[in-house]
Amino acid sequence: MSRHVYLDETKAKSYVLAAVSVDGRHVEALRQRIRILILPGQTSLHMRSESERRRKQILSAALQLVHDYAIEVSLYDAGVSDSEIVRRNRCLRAIVAANAADRQIQLIFERDETLVRSDRQTLIEAIREANLSDHVRYSHVGRRQDQLLAMPDVFAWCWNRGGLWRKAVQGHLSGVHSLRR
């Protein structure tokens with residue numbers, strides 16, 4: 001079975017990388033469900049740029065998708081110390097290690113040109129160290145190219161926002177991994 005793991009981070013309070021793991025057989029159906037949420041004139045969903053009312057609507061839909069499709073959501077919290085690259089690399093290594101048991105895995109990142117090179121280097125090393133070269137693939141794509149990148153954005157944003165937003169997602173998380181130093 002193939003797993004697709006969608007990744008996005010938030011840096012507002014702490015560096016948190018959200019990993020949303022989806023059974024590969026459900027990817028297209030999930031994309032269609034997310035597309036329905038995109039309003040006319042929008043090209044993608046991003047919690048930071050939505051109104052409070054829309055955030056609640058998007059969160060409700062995301063939680064329903066987690067339930068309907070047995071989606072696993074894990075958060076990797078690297079705190080505030082160290083540089084952003086160091087914290088991100090710690091998260092990437094932990095994600096590769098956490099997914100080592102899966103036969104085939106595709107990691108999908110929201111494309112940020114400033115991070116692609118560093119991500120590739122870290123992933124090459126982590127995949128090699130875990131002896132997963134034949135099992136892990138990765139790509140960096142734009143939010144507009146894959147609507148499922150909205151899912152990790154929702155969970156990372158809610159977690160870092162705290163308060164009622166964090167409470168709303170807590171019971172739907174597969175794990176919260178502290179990578180703070």
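Residues numbered from 1 in each chain as written. Predicted model: local features only at pLDDT ≥ 70, side-chain atom pairs only at ≥ 80, totals over all residues. Heavy atoms only, no water.

Colleague: So what exactly am I meant to see when it comes to the packing of helix H5 (residues 150-161) against helix H6 (residues 163-170) here?
Modeller: One can describe the packing of H5 onto H6 by two numbers: an axis separation of 6 Å at closest approach and a directional angle of 130°. By the criterion of interaxial angle, the relationship of H5 to H6 is oblique. Crossing hand, H5 versus H6: left-handed. Along the contact surface, H5 presents Phe155, Trp157, Cys158, Trp159, Asn160 and Arg161, while H6 presents Gly163, Trp165, Arg166, Val169 and Gln170. (Axes fitted to C-alpha atoms, helices over the stretch in contact; angles between N-to-C directions. Helix = DSSP H or I, 4+ residues; strand = E, 2+ residues; numbered from the N terminus. Parallel < 35°, antiparallel > 145°, perpendicular 65-115°, else oblique. Left-handed = near helix turned anticlockwise from the far one by under 90°. Contact = heavy atoms within 4.5 Å.)

Colleague: Looking at this model, I keep getting lost on the sheet that holds strand S2 (residues 16-23). Mind explaining?
Modeller: By definition, the strands of a sheet pair up through backbone hydrogen bonds, in either a parallel or an antiparallel sense. As summarised here, the arrangement of the six strands in space is S5-S4-S1-S2-S3-S6, forming an open sheet in which the pairing is mixed. At either margin of the open sheet sits one strand with a lone partner, and together these are strand S5 (136-141) and strand S6 (175-178). Shown here is a sheet whose adjacent strand axes are inclined to one another by a mean of 20°, direction ignored. Where strand S1 (residues 2-10) lies against S2, eight bridges are found, and the strand directions are antiparallel. (Pairing = 2+ DSSP bridges.)

Colleague: I'm lost on the nonpolar core in this one. Help?
Modeller: Note that soluble globular proteins tend to have their nonpolar side chains buried in a common cluster. Within the largest apolar cluster, 37 residues are counted, with the highest numbers of intra-cluster contacts made by Ile71, Met151, Val154, Phe155 and Cys158. Sorting the residues of this core by element identifies S2, helix H1 (27-35), helix H2 (52-68), strand S3 (72-77), H5 and H6 as the ones contributing at least two each. The element that contributes the greatest number of residues to this core is H5, accounting for eight residues. Contact partners of Met151, with chain neighbours within four places excluded, come to Val20, Ile34, Ala62, Leu65, Val66 and Ile71. One finds Val5, Leu7, Tyr76 and Cys91 within the second-largest nonpolar core, a separate group that totals 20 residues. (Core = buried A, V, L, I, M, F, W, Y, C linked by side-chain atoms within 4.5 Å. Buried < 20%, exposed > 50% of the residue type's maximum accessible area, 1.4 Å probe, protein only.)

Colleague: Is there a simple way to think about the pairing of S3 in this case?
Modeller: The side chains of a regular strand alternate, first on one face of the sheet and then on the other. S3 sits mainly inside the fold: five of its six residues count as buried. Examined bridge by bridge, S2 and S3 share six bridges and lie antiparallel to one another. By the bridge assignment for S3, Val16 is matched with Asp77. The sheet contact formed by S3 and S6 spans four bridges and is parallel. Its bridge partner lying in S6, Ser74 is registered against Gly175.

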